[in-house]
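Overview (structure and organization)
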Amino acid sequence: MAGGHWKGLFLSLFDYKTEKYIVANNKKVGILYRLVQLSIIGYIIGWVFLTKKGYQETDEAIQSSVITKLKGVSVTNTSESGLLVWGPEDYVIPPQGEAVLFIVTNFIETPNQKLGYCAESPKVLNSHCRGNEDCEQGEMVVSGHGVMSGRCLRKDQNSTGTCEIYGWCPIERSSKPQGPLLTNTENFTIYIKNFIRFPKFAFTKSNVLDTTDNSYLKKCRYDEDLYPYCPIFRLGDITSRAGYNFQDMASLGSSIGILIEWNCDLDKGYSNCHPRYHFTRLDISSSNKSITSGFNFRHARYYKDAAGESHRTLFKVYGVRFNIMVHGKAGKFSIIPTAINIGSGLALMGAGAFLCDMVLLYLMKKSTFYRERKFETSRNNKATCQDGSEEDKNDGSEQQNLSPQL
């Protein structure tokens, strides 16, 4: 008996099962079925293929090179250094032009520093002392400007003084800038040359217009509609596109992000791959200023006097830091994603039949009648065919799932 059971189970693997269709004359369910089908077709055509271009193979591994160059001249006149002319070699850091660069708009100067002994700044918390025992010789002052000499410098015995240090003296001036010294920086121009490549499609392009006119770059300024391939931007226009006034940021500095976006549909040809520029401020999280906003750092210029003694002029510079970021995606027709998305869409079409089955089986008033027609039970017996032969039916009872054709 057991052998016959396993034999029958094995042989049933080679049976062919076919679907039985039932036509349900219910207009409401029929309309629902067609609406579901139309929704799925609209999703496949409108969203998958037209909006998301599901028929394309994409490449997001963009390779990029950015070269920058600044132009503009400014003049400052301070009591420390007098009249100075600032060119790109002075206010651009680093001067060779990279994807991240800093442009000086303001500075605090501490001139003629030389190595020696002087009092630490009282604004440094660990510099305060009442006696020499508070200034351990050779110990570094935390957040200070040098090494303690072991002496406490006080005006009188009842006052709190500061430790004497060995370092660059006089120490750095700690005043706050009142206004930008390089006043016309917003009229400077930045030339951003960007080369991109999508390796999957061996596609390369630049954001500079292909032209033989040598004067084009001398007279053009970027305009999204008129000159989309002019890579020269006025600094004031960049900050205004980011939603801020350049002069408001020039005193304490800022950080601006320049995003170059390449979304290229290669099916439309080389001329339809255009750069898109987006500008945003990075050093604050909202329009309100905070203690973390602004950007500054220090650098020094070293020289020797007539006696050969080393001196330096310390600059605490404020300015705008530009971060140039490049992102992109290229797409081109391919039969593989097209076939996958079409197959996925056809599979979704079965959702309409499933939904309508649930409505007919469980939500309609005559659901019992439909359930009896959809599921049939057959029992084991022998049926006599017209030619007189006998045919064995399947053992046991079997439930067949029947899909309606509405």
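Note that the structure is predicted; figures quoted are calculated from it, not measured. (Residues numbered from 1 in each chain as written. Predicted model: local features only at pLDDT ≥ 70, side-chain atom pairs only at ≥ 80, totals over all residues. Heavy atoms only, no water.)

A separate point is the packing of helix α7 (residues 335–363) against helix α8 (residues 367–374). Between α7 and α8, whose axes approach to 6 Å, the crossing angle comes to 120°. What the angle tells us is that α7 and α8 run oblique. Residue-level inspection shows Asp357, Leu360, Leu361 and Tyr362 of α7 in contact with α8, the latter providing Ser367, Tyr370, Arg371 and Lys374. Each residue belonging to the contact of α7 with α8 can be placed in one class, and the counts come to 4 nonpolar, 1 polar and 3 charged. (Axes fitted to C-alpha atoms, helices over the stretch in contact; angles between N-to-C directions. Helix = DSSP H or I, 4+ residues; strand = E, 2+ residues; numbered from the N terminus. Parallel < 35°, antiparallel > 145°, perpendicular 65-115°, else oblique. Contact = heavy atoms within 4.5 Å. Nonpolar A, V, L, I, M, F, W, Y, C, P; charged D, E, K, R; others polar.)

Attention now moves to a positive patch on the surface. Taken together, the side chains of Lys69, Lys71, Lys218 and Arg221 present a region of like positive charge at the surface. The residue Lys69 is located in strand β2 (residues 63–71) in this model. (Patch = residues over 30% accessible without salt bridge, like charges linked within 9 Å, V, L, I, M, F, W, Y side chains within 5 Å. Areas by Shrake-Rupley, 256 points an atom, 1.4 Å probe, with all protein chains shown as cover. Salt bridge = Lys/Arg side-chain N within 4 Å of Asp/Glu carboxyl O. Lys, Arg positive; Asp, Glu negative; His and termini not counted. Charge placed at Lys NZ, Arg CZ, Asp CG, Glu CD.)

So, about the confidence of the model for the chain. Detailed reading of the predicted coordinates is not advisable wherever pLDDT is low. The predicted model of the chain has a mean per-residue pLDDT of 84, with 88% of residues at 70 or higher. Predicted confidence for residues 380–406 stays below pLDDT 50, and this span has 58 contacts to residues more than four positions away or in other chains. (pLDDT = per-residue confidence, 0-100.)

Since one α-helical turn is 3.6 residues long, residues separated by three or four positions face the same way. Here α7 contains 29 residues, and its C-alpha end-to-end distance of 42 Å stays within 8% of the 42 Å for a straight helix at 1.5 Å per residue. On the buried face of α7, the contacting elements are α2 (27–51), β1 (56–59), β16 (310–333) and α8. (Expected span 1.5 Å × (residues − 1).)

What follows concerns the pairing of strand β10 (residues 189–198). Summarising burial for β10: 7 of the 10 residues are buried, a large majority. Two strands pair when backbone bridges link them, and β2 and β10 are joined in this way by 9 bridges, in the antiparallel orientation. Following the sheet pairing, Ser65 is matched in β10 by Phe195. As paired strands, β10 and strand β12 (residues 232–234) are joined by 3 bridges and run antiparallel to one another. Looking at the pairing, Tyr191 lines up with Ile232 of β12. In the sheet, β10 pairs with strand β11 (residues 203–206) via 4 bridges, with the strands oriented antiparallel. Bridge assignment links Ile196 to a residue of β11, and that residue is Lys205. Counted between consecutive antiparallel strands, the loop separating β10 from β11 contains 4 residues, among which Ala202 sits at a positive phi close to 55°. (Buried < 20%, exposed > 50% of the residue type's maximum accessible area, 1.4 Å probe, protein only. Pairing = 2+ DSSP bridges.)

Okay, the packing of aromatic side chains next. Tallied over the full model, the rule gives 14 aromatic pairs. The interplanar angle of 70° and the centroid separation of 6.1 Å between the aromatic rings of Phe233 and Phe279 together place this pair among those described as edge-to-face. With Phe233 in strand β12 and Phe279 in strand β14 (residues 275–281), the pair connects residues that are 46 residues apart, well separated along the chain. Look at Phe233 and you get buried, because its relative accessible area is 2%. Here the guanidinium or amino end of Lys205 rests over the ring plane of Tyr270, the centre of that ring lying 4.5 Å away. The ring centre of Tyr244 lies 4.9 Å from the NZ or CZ of Arg281, which sits over that ring. (Phe/Tyr/Trp six-rings, centres within 6.5 Å; stacked < 30°, edge-to-face > 60°. Lys NZ or Arg CZ within 6 Å of the ring centre and 35° of its normal.)

Right, let's get into the side chain of Ser149. Residue placement: Ser149 occurs in strand β8 (residues 146–153). Engagement of the side chain of Ser149 in a polar contact is seen with the side chain of Glu164, the distance being 2.6 Å. (Polar contact = N/O pair within 3.5 Å; in protein donor to acceptor, adjacent residues only side chain to side chain.)

Our next topic: unusual backbone geometry. Residue Pro94 is reached from Ile93 by a cis peptide bond, and omega for that bond is -5°. As for its placement among the helices and strands, Pro94 is situated in the loop between β5 (92–93) and β6 (100–119). Although it is not a glycine, Lys53 sits at a positive phi angle of roughly 50°. Residue class for Lys53 comes out partly exposed when judged on its relative accessible area of 25%. Look at Asn112: it is not a glycine, yet its phi comes out positive at around 55°. Tracing the chain through its elements places Asn112 in strand β6. Residue classification places Asn112 among the partly exposed positions, given a relative accessible area of 49%.

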